[in-house]
Amino acid sequence: MKYDFIVVGAGSSGAIIASRLSENPSISVLLLEGGPDYPDFKKLPDDIKFGYSTGTYIAVGPEHDWGYIAKVNGYESGGLSRYIRTPRGKITGGTSSINGQIFLRGLSHDFELWKSLGLTDWSYEEVLPYFRKLETDLDFSGDFHGEDGPIIAHRFPRSQWSRSQKGFFESAINLGYRETRDMNYPDASGVGPFPCNNPNGIRISTAVGHLSQARHRLNLTVSPNSTVNKIILDKQKVSSLEVESGGDTYLVHGENVVLCAGAIANPKILMLSGIGPTAHLEKMGIPTQVDLPGIGQNLSDHPINFVKASVKDIDDLDTQKPCLQVGLRYTASESDIEDDMLMWMNSYSLSTDYREVETISTQGNLHNQDVDGIQIAVSVYFATSKGRIQLNSIDPKDSPDLFLNLLDTDKDVERMAEGIRIAKDLMESKPMRPLIQNITSPTNYILNSRESFHNWLRTNTVTGHHLTGTCRMGSDTDEMSVVDSNGKVKGLSNLYIADASIMPESVRANTNATTMMIGEKISAHLETNH
């Protein structure tokens, strides 16, 4: 059978695109997912179903994680280097099925930046209808919020905040930050409750929100445990995909293909298919089909570090209650990038960070780690450091090489350093004193020397799990762009990309909601122009 559309990856965007396209009964859709599928909500594993005490900040099991390992800093310069885990969801719903459920939109500034890069179809006014379309906001309505979308958004009322969340909020107000009730307002800044997509503790992934409403359609085929090895081209057109499932390899055919495998897997699939930077493809012995030097480049993330503290009563920390409730968005001192920083309170912290490869087994999760206190997470939400992705081998089973390059620029280090000092002030402020025993990291010895502090930051900063930009969207004059403003891959007539990998610059927000918006917007274009 030849499908009208083949969607590769049933994740935060792919599940939406397949669901929306199949609303038209004349369009046949095949949705390929490399991980398992759980059509029956009752059989959804608890660590996927329930969101309060799970997320990518807690190690998920290998059955739902692709198991990527990233190289951080120093690999090419000969300096200090380390490996860290980079979880990506291997399941219908993708990373929306394993993440921390912060449903934070990109800011209006982000989309005005995209517009300034020549992407006039991606201004705030153009994307707002699709943010509204995908959500049901239980707290706000009006021009900026949706009322009947598949993803349910809410904020924890102050009466439900943990003691540490209340202390964090009050401390930020005391330091002069303004209160914001709605962090999804176009230019929201200050301290307030995060919008979350976990009403009553249920994680509303795109599998739960969108795909569950589409499964009954005869024109939609969902194929789990099916991994795409490569794309087969006939001149400037995709003719088929090579798929592996259950030990068998076969071809599937479609009029159009939409890659939604994410910022890591998309470049891998493309380069294995001969689509990418010619120099790297030649080095790997792969004949170049389409020379696109931007594939795998421009890897963006939100680097993250922590101020950790022990508490007077460890039994006061309830790991079955929400860990993430309140956040603070602000602009770093002397920064020319508005609202470039975000920090938040974790209601409990763990004695080991699963991201560090040597610290915990791949089976690790919250329930076999020690809770040792609380922490404030500090993140640069508009980093100037960029990483890249390249092939490690030509075997589709091998993971690609990931170079995160966190805190490479002085600008990123300076902003992170200031953020850690602000977080330390918050942790030591009066509202936190009834709860805090003492700050355990970073120590005063580290903070007292600028050199040791910056070295500590570069040595301990980890991924924020918000990988974007490796197949960037851009205008015809942007030589490093991979897709046009409709997601179509340059040089090919029927191949599209639609997920976080096409963001030209990362948004100043957790990336999941914007990735969903991309799915809504590009699916509307594809359906209209089919």
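Residues numbered from 1 in each chain as written. Predicted model: local features only at pLDDT ≥ 70, side-chain atom pairs only at ≥ 80, totals over all residues. Heavy atoms only, no water.

Let's talk about the overall build of the protein chain
- Regarding its fold elements, the protein chain presents 12 helices and 21 strands.
- Relative to the 2.2 N^0.38 estimate, which gives 24 Å for 530 residues, the radius of gyration of the protein chain is 22 Å and therefore close to what a compact globule would have.
- If one aligns the C-alpha atoms of the protein chain with their principal axes, the spans along those axes are about 65 × 50 × 45 Å.
- Out of the 530 residues in the protein chain, the part that is buried amounts to 63%.
- In the protein chain, of all internal contacts separated by at least 6 residues, the share reaching a separation of at least 24 is 72%.
- If you sum the accessible surface of the protein chain, you get close to 20,100 Å²; carbon and sulfur atoms cover 47% of it. (Helix = DSSP H or I, 4+ residues; strand = E, 2+ residues; numbered from the N terminus. Rg over C-alpha atoms; globule rule 2.2 N^0.38 Å. Buried < 20%, exposed > 50% of the residue type's maximum accessible area, 1.4 Å probe, protein only. Contact = heavy atoms within 4.5 Å. Areas by Shrake-Rupley, 256 points an atom, 1.4 Å probe, with all protein chains shown as cover.)

Some details on the confidence of the model for the protein chain
- For the protein chain, per-residue confidence averages 94 on the pLDDT scale, and residues scoring 70 or more make up 94% of the total.
- In the predicted structure, residues 359–367 sits below a pLDDT of 50 and forms 25 contacts with residues beyond four places in sequence or in another chain. (pLDDT = per-residue confidence, 0-100.)

Considerations on the sheet that holds strand S20 (residues 436–441)
- Strand order in the open sheet formed by six strands is S7-S15-S16-S17-S14-S20, and the pairing between neighbours is antiparallel. Strands at the two margins of the open sheet, each flanked by one partner only, are strand S7 (190–193) and S20. Taken pair by pair, the neighbouring strands of this sheet meet at an average axis angle of 25°, ignoring direction.
- Direction of pairing for strand S16 (residues 341–350) relative to strand S17 (residues 371–380): antiparallel, over a ladder of eight bridges. Directly across from Leu342, in S17, lies its bridge partner Ser379. (Pairing = 2+ DSSP bridges. Axes fitted to C-alpha atoms, helices over the stretch in contact; angles between N-to-C directions.)

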